[in-house]
Amino acid sequence: VKQGENPSHSAFRHIMIIDPTNCSAAVDVLTNEGLLTEDKRRLVRCNVSDFADDANDREHSLRVSELKSAMLRGDRVVLVNSSPIHSSFFDIFNKQFVCVASEDREPKYFANISIGPFSRPTEVHRDFQVIVVVPFSHLATTPLPFLNRFEKYIVGISDLLTEKAVSGSHAEVHLQLIQHLSNGAADFIRQMRPTSFYGLSPDETVASLLLTALTASREGHFLNLEVPEIPRSLCVKETDMSSDALALAVGQGGWENRLAETIRRINFKIMQLLRPEAMVTVGRSLLNSAYMTEYLQRQEHFSVVNCLRGVLSPSHPLSKLIIFTRTCPELAQLVHSRERQEQLLQNMPQDPGQVEFVSLSGFRSAASCAEKIN
């Protein structure tokens, strides 16, 4: 809100970001690019936990109190998973402010903020801004009057990828290359069926991989796209060619050969999410031998123990990894059975005393989870 402008009548509206990834990746994208802090305004991220012990009036009132402090300072607040406390900010979202003027000072504006059954007027700084994040999958069930209160944007990883590609020279060539690579990956996903992949968001997963490749490329030049290699500790067998030799071989070919090889490497990366049964039932008849060899001989899809052996290696480059697997009694007993833990850690490179097994279902609050994980 501009100096001297009445926020109740200004054109300003708070912002809603519609996240197509359904995992709040849009906020991370905007934060990493500095788009939420470019005006030097303090950024406050408020994530309303839905753990069992957090889903109560006391915890919700604490989150509301945090936002009241941000209102006084004029911060920019990002609300994630915040539907339980939306009703507390009815006047804020609807721009229903009360002006308290004086002759010697600038007018102050107040809005009613409710905590439980109580409502009190709270001063609102003119620089205060709210950004509400709504997953795209929740859009159909979000009340229309609530949607109409905000200035809405759909922000995903694909948008950042496009922005990165056009920010340098040869923007048109870069956009064409992105389109070719995206089409190649999309065709692979379509043939294998999207439901055959664990945790796949078709557009955003591919865009995330391409963005990582673009960021890692030599001197930021998109024509030298470097697709991240699969960590050797997750491979059953090392590839026949080193990344340098592969880059040299690709560089010696023409444009079509380089493009086809890059698409293949992207598809190999996506294939890490492919269910084994889909590879057997669908992939065997559709994919050539190179894909089968990569999946069956160079990637690990059949043994959690082998995968963990690589993850627990001191030289492993990743700090976080999600393994999708079927439920079995042995995994369910890992948290409580010392015998199962010793069996799993047998012959592992990591000191067993430095490995701790926890169950997410055992956490009752966000605070206890953060304390353990961090």
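Residues numbered from 1 in each chain as written. Predicted model: local features only at pLDDT ≥ 70, side-chain atom pairs only at ≥ 80, totals over all residues. Heavy atoms only, no water.

### Some details on the overall build of the chain
Secondary structure summary: the chain contains 15 helices and eight strands in total. Of the contacts made within the chain by residues no fewer than 6 positions apart, 68% connect residues no fewer than 24 positions apart. When the accessible surface of the chain is summed, it comes to about 22,000 Å², and 52% of that surface belongs to carbon and sulfur atoms. (Helix = DSSP H or I, 4+ residues; strand = E, 2+ residues; numbered from the N terminus. Contact = heavy atoms within 4.5 Å. Areas by Shrake-Rupley, 256 points an atom, 1.4 Å probe, with all protein chains shown as cover.)

### Remarks on the pairing of strand β2 (residues 43-47)
Only one face of β2 is buried: it carries V44 and C46, and the other face, with L43, R45 and N47, is open. Two elements, β2 and strand β3 (residues 76-80), share five bridges in a ladder whose sense is parallel. Counted as the bridge partner of V44 is V77 from β3. Handedness of the crossover joining β2 and β3 through helix α2 (residues 57-73): right-handed. (Buried < 20%, exposed > 50% of the residue type's maximum accessible area, 1.4 Å probe, protein only. Pairing = 2+ DSSP bridges. Right-handed = clockwise from strand over helix to strand, strands pointing away.)

### Points about the confidence of the model for the chain
In the predicted model, the chain carries a mean pLDDT of 82, and 86% of its residues have values of at least 70. The low-confidence segment residues 237-253 (pLDDT under 50) makes 15 contacts with residues lying over four places distant or belonging to another chain. (pLDDT = per-residue confidence, 0-100.)

### Structural notes on the packing of aromatic side chains
Applying the stated criterion to the full structure yields nine aromatic pairs. Each ring, one from Y295 and one from F302, has its centre 6.4 Å from the other, and the planes form 90°; the classification is edge-to-face. Among the aromatic residues, those joined into a ring-pair cluster are F89, F93, F146 and F150. One cation-aromatic arrangement involves R275 over Y198; the distance from NZ or CZ to the ring centre is 4.2 Å. (Phe/Tyr/Trp six-rings, centres within 6.5 Å; stacked < 30°, edge-to-face > 60°. Lys NZ or Arg CZ within 6 Å of the ring centre and 35° of its normal.)

### Notes on helix α14 (residues 338-345)
Residues of α14 that are buried: Q341, L344 and L345. With its buried residues spanning 90° around the axis, α14 presents them on a single face. Here the buried face of α14 lies against α12 (304-311). The positive-phi residue at the C-terminal boundary of α14 is N347, with phi of around 65°. (Arc of directions from axis to C-beta.)

### With respect to the side chain of K95
Within the element layout of this structure, K95 appears in the loop between α3 (90-93) and β4 (98-100). For K95, a relative accessible area of 18% puts it in the buried group. Setting aside its immediate chain neighbours within four residues, K95 contacts P7, S8, S10, A11 and F12.

### Structural notes on unusual backbone geometry
Phi angles above zero are rare outside glycine, and N81 is one such case at about 55°. Take N81: it is sitting in the loop between β3 and α3.

### Topic: the pattern of salt bridges
Counting across every chain of the model gives 12 salt bridges. One salt bridge in this structure joins R364 and D53, with 3.4 Å as the shortest N-O distance. With R364 in the loop between α14 and α15 (366-373) and D53 in the loop between β2 and α2, the pair connects residues that are 311 residues apart, well separated along the chain. R364 sits in the partly exposed class, given a relative accessible area of 47%. The partner of R63 in a salt bridge is E59, with the nearest N and O atoms 3.4 Å apart. (Salt bridge = Lys/Arg side-chain N within 4 Å of Asp/Glu carboxyl O.)

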